[in-house]
Amino acid sequence: MAATGVAQESYFTNWPSGTSPQEVGKHLADHFVTSPHQYTKTIHYSEVCTWYGALQFAELTHDTALRDALIKKFEPLMPGGAEEARRPVRHHVDDSIFGVVPLEIARETKDAKFLKEGVWWADRQWENPQPDGLSAETRFWIDDMYMLTMLQLEAYRATGDKKYLDRDAKEMVAYLDKLQQPNGLFYHAPDVKYFWGRGDGWVAAGMAEMLTELPQNHPDRARIMKGYKLMMASLLKYQGKDGMWRQLIDKDDAWPESSSSAMFAFGMITGVKHGWLDAKTYGPAARKAWIAVVGYVDQNYDVTQVCEGTGKKDSLEYYYQRKRRTGDFHGQAPVLWSADALLREGVK
């Protein structure tokens, strides 16, 4: 479908000055190399997600100097390294996702030591599965539809072993069946019935990532695609005139939030590029979202208006009152993912 390819690309070229994915991605990736760790003594999941985005950007732009700098930044965190104390240790999705970075390095470099390290994390996540075959780290918070699934997806990408993809798809379907609402969006958790922006952002990004790898004939692909398309259609309705989505997706009086908007942009860009979403419908929305999000990147290449780290709470006011942060990795990461998605070849 060559025509589809042309339609896709027409929405993702001719960027206004300063908004091209090459420029924005390079600034954010270089900034990450010199950024200090955030949040916790051990490496926080949002930092892992930013590292992943920066590594993929380096690969897509053939920037070996950037890639080498990102690897050099990670090496002290390897077993026996100078920053070994920063390695997360809990059997928890927030900690286990650490394995994504060595797996991405291994995928790009074929370095066996990083592959061994990453696979250890992926295998640990399933060493004591539940009776239904799901990971013991399953907790049915929507964040996990990215955090839990990305580790297994990267293990599949780095090894080619289908077991990682199969367990991943099974996990995603279980979350879809339990958490997706009739309108296509997701409550933060079964007992917290609010459509929190970044929570739903993790879902959108996680499904888009998984659908890029699931073969057409995979038994779980149709179910995940159905959930993905239902969500994208709902998000289209809630996108603001400014191109952004809100801290609470369905509340017009909630503030425009950059991390969720970048995640939704990533989900839509990926869908248009693969032909899962109609280019004429979603192409303009995805373009508008990217340009809007880039407007929240300041002169230091920090993303502004990022919702702070957020646990679940059954209080609408709690979500309204979350602090807005600047340069938080929760925001830096998805802007890099969106830049990466724009730089990838469309599926013709």
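Residues numbered from 1 in each chain as written. Predicted model: local features only at pLDDT ≥ 70, side-chain atom pairs only at ≥ 80, totals over all residues. Heavy atoms only, no water.

Let us now look at the overall build of the chain. Per the secondary structure count, the chain includes 15 helices and two strands. The globule rule puts the C-alpha radius of gyration for 348 residues at 20 Å, and the 19 Å found for the chain is close to it. With the principal axes as the frame, the chain shows a C-alpha extent of 50 × 45 × 45 Å. The proportion of buried residues among the 348 residues of the chain is 61%. Of all intrachain contacts in the chain linking residues separated by at least 6 positions in sequence, the fraction that spans at least 24 positions is 72%. Accessible surface, the chain: about 13600 Å² in total, of which carbon and sulfur atoms supply 52%. (Helix = DSSP H or I, 4+ residues; strand = E, 2+ residues; numbered from the N terminus. Rg over C-alpha atoms; globule rule 2.2 N^0.38 Å. Buried < 20%, exposed > 50% of the residue type's maximum accessible area, 1.4 Å probe, protein only. Contact = heavy atoms within 4.5 Å. Areas by Shrake-Rupley, 256 points an atom, 1.4 Å probe, with all protein chains shown as cover.)

Time to look at the side chain of Q332. Structurally, the position occupied by Q332 is in helix α15 (residues 329-343). A distance of 2.6 Å separates a polar side-chain atom of Q332 from the backbone nitrogen of V303. Sequence-distant contacts of Q332, that is, excluding residues within four places in its chain, are made with L28, H31, T50, Y301, D302, V303 and G327. (Polar contact = N/O pair within 3.5 Å; in protein donor to acceptor, adjacent residues only side chain to side chain.)

Helix length check: helix α8 (residues 144-159) (16 residues) gives 22 Å between terminal C-alpha atoms against 22 Å at 1.5 Å per residue, within 8%. Most of α8 sits inside the fold, with 14 of its 16 residues counted as buried. Of the residues flanking the end of α8, it is G160, one or two places downstream, whose phi is positive at about 80°. (Expected span 1.5 Å × (residues − 1).)

Within the secondary structure layout, S261 lies in helix α12 (residues 258-274). A polar contact is formed between the side chain of S261 and the backbone nitrogen of W245, at a distance of 2.8 Å. Those residues in contact with S261 that lie beyond four places of it in its chain are M244, W245 and V293.

Another aspect to go through is the layout of surface pockets. Reported here for the largest pocket is a volume of approximately 200 Å³. Around the largest pocket sit 15 residues that line it, and Q56, R157, T212, E213 and R344 are the ones nearest its centre. When residues of the lining of the largest pocket are traced back to their parent elements, those giving at least two are α3 (45-60), α10 (197-213) and α12. Its residues assigned to classes, the lining of the largest pocket comprises four nonpolar, four polar and seven charged. The computed volume of the second largest pocket comes to approximately 160 Å³. (1 Å grid on protein atoms, 1.4 Å probe; cavity = no way out; pocket = protein on both sides within 12 Å on 5 of 7 lines; lining within 4 Å. Points joined across faces, edges and corners; volume = space filled by probe spheres on them. Nonpolar A, V, L, I, M, F, W, Y, C, P; charged D, E, K, R; others polar.)

Here we take up empty space enclosed by the protein. Within this structure, the stated rule accounts for one cavity of 30 Å³ or more. Here the residues of the lining of the largest cavity sort into two nonpolar, two polar and three charged.

Nonpolar side chains in soluble globular proteins generally cluster together in the buried interior. One finds Y146, I224, M231 and W337 to be the most contacted residues of the largest nonpolar core, which totals 110 residues. Apart from residues lying up to four places away in sequence, W337 is in contact with C49, Y52, G53, Y146, W202, A205, M263 and F266. (Core = buried A, V, L, I, M, F, W, Y, C linked by side-chain atoms within 4.5 Å.)

This part is about the pattern of salt bridges. Under the definition given, this model contains 21 salt bridges. The partner of E59 in a salt bridge is R107, with the nearest N and O atoms 2.5 Å apart. Of this pair, E59 sits in helix α3 while R107 sits in helix α6 (residues 100-109), and the two are 48 residues apart along the sequence. Residue E59 is classed as partly exposed on the basis of its relative accessible area of 32%. Between D191 and K312 there is a salt bridge, with the nearest N and O atoms lying 3.0 Å from each other. (Salt bridge = Lys/Arg side-chain N within 4 Å of Asp/Glu carboxyl O.)

A large share of α6 lies buried, amounting to eight of its ten residues. For α6, the complete set of buried residues consists of V100, V101, P102, L103, E104, I105, A106 and E108. Buried residues belonging to α6 abut α3, α4 (64-74), α7 (112-124) and α8. Taken from the residues just after α6, K110 is the one with a positive phi, measuring 60°.

Here we come to the packing of aromatic side chains. Tallying each qualifying case throughout the model produces 20 aromatic pairs. Aromatic side chains Y45 and W202 sit 6.0 Å apart centroid to centroid with 65° between the ring planes, which places their arrangement in the edge-to-face category. Pair noted here: Y45 is in helix α3 and W202 is in helix α10, with a separation of 157 residues, a long-range link. A single burial state applies to Y45 and to W202, both of which are buried. Taking the centre distance of 6.1 Å and the plane angle of 45° together, the rings of W196 and Y319 count as tilted. Within this pair, whereas W196 is found in the loop between α9 (162-179) and α10, its partner Y319 is found in helix α14 (residues 316-320), the two being separated by 123 residues in sequence. Taken as a pair, W196 and Y319 share a single burial class, namely buried. (Phe/Tyr/Trp six-rings, centres within 6.5 Å; stacked < 30°, edge-to-face > 60°.)

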